[in-house]
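Working through the structure, step by step
One letter stands for each residue in the lines below.
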Amino acid sequence: MVAKIGQVTFDCQDGYALAKFWSEVTGYTEHPKYANAPDHEENFIGPDGGNPGLLFINVPDGPKRVKNRLHLDLVPDTTRDEEVERLLGLGATLHEDHRKEDGTGWVTMLDPEGNEFCVERSEAERGED
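First things first, this report covers the structure right here in the doc. Worth saying up front: this structure is predicted, and the values here are computed from it rather than measured. All residue numbers refer to position in the chain's written sequence, counted from 1. Thresholds applied to this predicted model are a pLDDT of at least 70 for local features of residues and 80 or more for the giving and counting of side-chain atom pairs; totals over whole chains, interfaces and linings are not thresholded and use all residues. Hydrogens are left out, water is left out, and the side-chain values use all remaining heavy atoms of the structure.

Let's talk about the nonpolar core
Our working rule: By nonpolar core is meant a set of buried Ala, Val, Leu, Ile, Met, Phe, Trp, Tyr and Cys residues that side-chain atoms within 4.5 Å join together. When a residue's accessible area, from a 1.4 Å probe over protein chains only, is under 20% of the maximum for its type it is buried; when over 50% it is exposed; and in between it is partly exposed. A run of H or I in DSSP becomes a helix once it reaches four residues, and a run of E becomes a strand once it reaches two; helices and strands are each numbered from the N terminus.
Core analysis: the largest hydrophobic core is formed by 18 residues, its most contacted members being Trp22, Phe56, Leu87, Met109 and Phe117. Within the residue set of this core, elements represented by two or more residues are strand S1 (7-12), helix H1 (15-26), strand S3 (53-58), helix H2 (80-90), strand S6 (107-110) and strand S7 (116-119).

Rendered as C-alpha cells:
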C-alpha cells in the first residue's frame, strides 16, 4: 500500500490572495464545484481543479516568522531567468540568488506572504528530454 498526496497545505493570512498568486504561478485552477472567495477560510487550486493541489488555509498565527521546513521547487517551461522575471512581476520577491557563472544554480524566492520557493533551470537548460 502507498498513500497519495492529495494537496500541499499552506497556513496563511490571506488564503484567497495566495491562491490567486499561486494560480498565476502554476496555472492551477479552483475546483469547478467549489469556487474560491475572499471570505472563505480555505481556498484550493489544483491541476484542472483536481489533486494533487495547493490548499491555503487562513490561520490566526500572524505573519510567517521562520524559514519553511518544506518548500516547492519550480521547473519552468521557459528559462529559469525568464521565469524569475515573470514571478517578480506577479509579486514574488528575490530571496537568495544561487545562480553560477556557468549557468547552473537556482533562485530562492518568496511568495507574497514570505513562503520560500525555488526556481530551478528548465529541463531544456539541463539538457533533459
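Overview of the sheet that holds S6
Put simply, the rule reads: At least two DSSP bridges between two strands are required for those strands to pair. Every axis in this analysis is a line fitted to C-alpha atoms, fitted for helices over the stretch in contact. Angles between the N-to-C directions lie between 0 and 180 degrees.
Pairing is mixed in the open sheet, where four strands are placed in the order S4-S7-S6-S5. In this open sheet, the two edge strands, each paired with only one partner strand, are strand S4 (72-74) and strand S5 (93-97). When the angles between neighbouring strand axes are averaged without regard to direction, this sheet yields 30°. Where S4 lies against S7, three bridges are found, and the strand directions are parallel. Within S7, the position partnered with Asp73 by the bridge is Cys118.

Observations regarding the pattern of salt bridges
Side chains that carry opposite charge are capable of pairing whenever their charged atoms lie near each other. Rules: The working definition used for a salt bridge is a side-chain nitrogen of Lys or Arg within 4 Å of a carboxyl oxygen of Asp or Glu.
Counted by the stated rule, this structure contains five salt bridges. Note that Lys64 is salt-bridged to Glu116, the shortest N-O span being 3.3 Å. Residue Lys64 is located in the loop between S3 and S4, and its partner Glu116 is located in strand S7; the two are separated by 52 residues in the primary sequence. Taking the relative accessible area as the measure of exposure, Glu116 reaches 11% and is therefore buried. The shortest N-O distance in the salt bridge between Asp97 and Arg99 comes to 2.7 Å. The network of salt bridges with shared partners includes Arg80, Asp81, Asp97 and Arg99.

Notes on the side chain of Ser122
Here is the rule we go by: We call two residues contacting when some pair of their heavy atoms lies within 4.5 Å.
Within the element layout of this structure, Ser122 appears in the loop between S7 and helix H3 (123-126). Since its relative accessible area comes to 4%, Ser122 is described here as buried. Residue contacts for Ser122: discarding those within four places in its chain leaves Val75, Pro76, Thr78, Thr79 and Arg80.

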